Structures are given as structure tokens and as C-alpha cells.
Amino acid sequence: PGSLVPASPQFNPLGHFEESGWKEIGVEVERIKMITPDILSRYKRAIKRLEVPPVWAVKDPYLSWSLSQVVRLFDYEVRVIAIHRAFGSVVASRVPHSRLTRAEAEAHQLWQAQSLYDNLRCLNAPTLHVDYERLVSDTTKTVEEVSDFVWEGLTNVELTDAGIGRAVAFVDEGLKHH
């Protein structure tokens, strides 16, 4: 559900998309640098619009600023997968498709990384930390760990080897998008 932001072929050749309504909220949070009651209300409406039980997910770098507050909006247990990427790789990825200089991108990434760290510390949800470089170098094992984490406690859903295979095939070590 929802409308997808078209992927830039230059930076995202496989066409991995982000949901436009969810992304707009994150962009607003980054712009105003705070979480307002209106922002929380917009996130709540987006959750209701996008959720597809028993498992659904959102990938959003903007959650670095709002994760601990957004998690409280769910009516059920939320499990967080925090993917960490090497600082220099994120900066190198960000500079070509942003209007930031390298120094600005470094400052922005430091601020975003600190915000994510603070949000994860305040979080009262099971969290799996995944190293991006490990994900692309040891994909099968990492995807299996993520799968075990996501499906833990769900007895009415069975993940097949074919499902793991599709997830492994989805990971592209050359993906440049942050």
C-alpha cells in the first residue's frame, strides 16, 4: 500500500523504493529538527495505512531522529533492525546525490549517527544490530540471523528456504544508496 518514490537509476539501479508518504514525514523531521504532535499523528496514520500483519517493515534513514517516539505508536511489539554502515561509506554515498560538500556530509552523518545511538538507547524494543559490510560479505548467514530475529515468537508463519534465497538475492553489495 502507499505510493512509492521512484528510485534514481544512477544511485539505485535495482529500483529499491521508499514509500513516499512515510519518507515525507522523515524529511520534515530532518528539516525542523524536532518531533511535534502533528508529526506523531502523521506517523500514526502512516502506520495504519501501511501495516500488513503479521510482519511488515519500513526502511527509513530519517528514523535516526524519531525512532524511539515512533515505536511507541504501535499497538503491538515492534522489533528493530538497526543496520550500521561504515562512516566513510555513508559519506561517500551521500555526497554525489545531495547538495552537501564532503565536510557538510561528514557533519550531517555525525549528527545522524549520534541521534540514532541516542534513539536506540531510549528504545524499549528488541533490537538487532547488523553491520552493513558483514551483510554484503556474509549475506546468507546475516540474512538467516535477521530472519530468525524477525520471526521469533511467530508460530503461524513459516519461512521457507526459498524465502531466504530471495532475501539473499536482494542484497547487492554495489548498492550506493544510503
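Asker: What is the right way to read the pattern of salt bridges from this model?
Answerer: A side chain with one charge may pair with a side chain of the opposite charge, provided their charged atoms come close. Inspection of every chain in the model, using the stated rule, returns nine salt bridges. Its salt-bridge partner being Glu77, residue Arg79 comes within 3.2 Å of it at the nearest N-O pair. By relative accessible area, which is 23% here, Arg79 ends up partly exposed. Two residues, Glu145 and Arg134, come together in a salt bridge whose shortest N-O distance is 2.9 Å. Here Glu145, found in helix α7 (residues 139–151), pairs with Arg134, found in helix α6 (residues 132–137); they are 11 residues apart in sequence, far enough to count as distant. For Glu145, a relative accessible area of 33% gives the class partly exposed. Counted as one network, the salt bridges with shared partners bring together Lys44, Lys48, Glu51 and Asp75.

Asker: So what exactly am I meant to see when it comes to the environment of Glu19 here?
Answerer: Locating Glu19 in the fold gives a position in strand β2 (residues 18–19). In this structure, the C-alpha to C-alpha distance between Glu19 and Val58, residues 39 residues apart in sequence, is 8.3 Å.

Asker: Got a minute to help me understand the nonpolar core in this structure?
Answerer: A general trend in soluble globular proteins is that nonpolar side chains are found buried together. Ranked by size, the top nonpolar core spans 24 residues in total, and within it Trp22, Tyr43 and Val80 carry the most contacts. Those elements giving two or more residues to this core turn out to be α1 (20–32), α2 (37–50), α3 (63–71), β3 (80–84) and α5 (102–122). With near-sequence residues (within four places) excluded, Tyr43 lies in contact with Trp22, Ile25, Gly26, Val29, Asp60, Leu63, Ser66, Val70 and Leu73. Of all hydrophobic cores here, the second largest spans nine residues; its members include Val130, Tyr132, Phe149 and Ile164.

Asker: For this particular structure, what's the right way to read the confidence of the model for the protein chain?
Answerer: Looking at the protein chain as a whole, the pLDDT averages 82, with 79% of positions reaching at least 70. Mean pLDDT per element in the protein chain: strand β1 (residues 4–5) is the minimum at 64, and strand β4 (residues 127–131) is the maximum at 94.

Asker: Hey, could you run me through the packing of α1 against α2 in this one?
Answerer: If you want to describe how two helices pack, look at the angle between their axes and the distance between the axes. Remark: α1 packs on α2, axes separated minimally by 10 Å, with the N-to-C direction vectors making an angle of 160°. Compared by their axis directions, α1 and α2 come out roughly antiparallel. Judged by the sense of rotation from one axis to the other, the crossing of α1 with α2 is left-handed. Side by side, α1 and α2 meet where Gly21, Trp22, Glu24, Ile25, Gly26, Glu28, Val29 and Ile32 of the first sit next to Ile39, Arg42, Tyr43, Ala46, Ile47, Arg49 and Leu50 of the second. Here the residues of the contact of α1 with α2 sort into nine nonpolar, two polar and four charged.

Calculation notes
Residues numbered from 1 in each chain as written. Predicted model: local features only at pLDDT ≥ 70, side-chain atom pairs only at ≥ 80, totals over all residues. Heavy atoms only, no water. Salt bridge = Lys/Arg side-chain N within 4 Å of Asp/Glu carboxyl O. Buried < 20%, exposed > 50% of the residue type's maximum accessible area, 1.4 Å probe, protein only. Helix = DSSP H or I, 4+ residues; strand = E, 2+ residues; numbered from the N terminus. Core = buried A, V, L, I, M, F, W, Y, C linked by side-chain atoms within 4.5 Å. Contact = heavy atoms within 4.5 Å. pLDDT = per-residue confidence, 0-100. Axes fitted to C-alpha atoms, helices over the stretch in contact; angles between N-to-C directions. Parallel < 35°, antiparallel > 145°, perpendicular 65-115°, else oblique. Left-handed = near helix turned anticlockwise from the far one by under 90°. Nonpolar A, V, L, I, M, F, W, Y, C, P; charged D, E, K, R; others polar.

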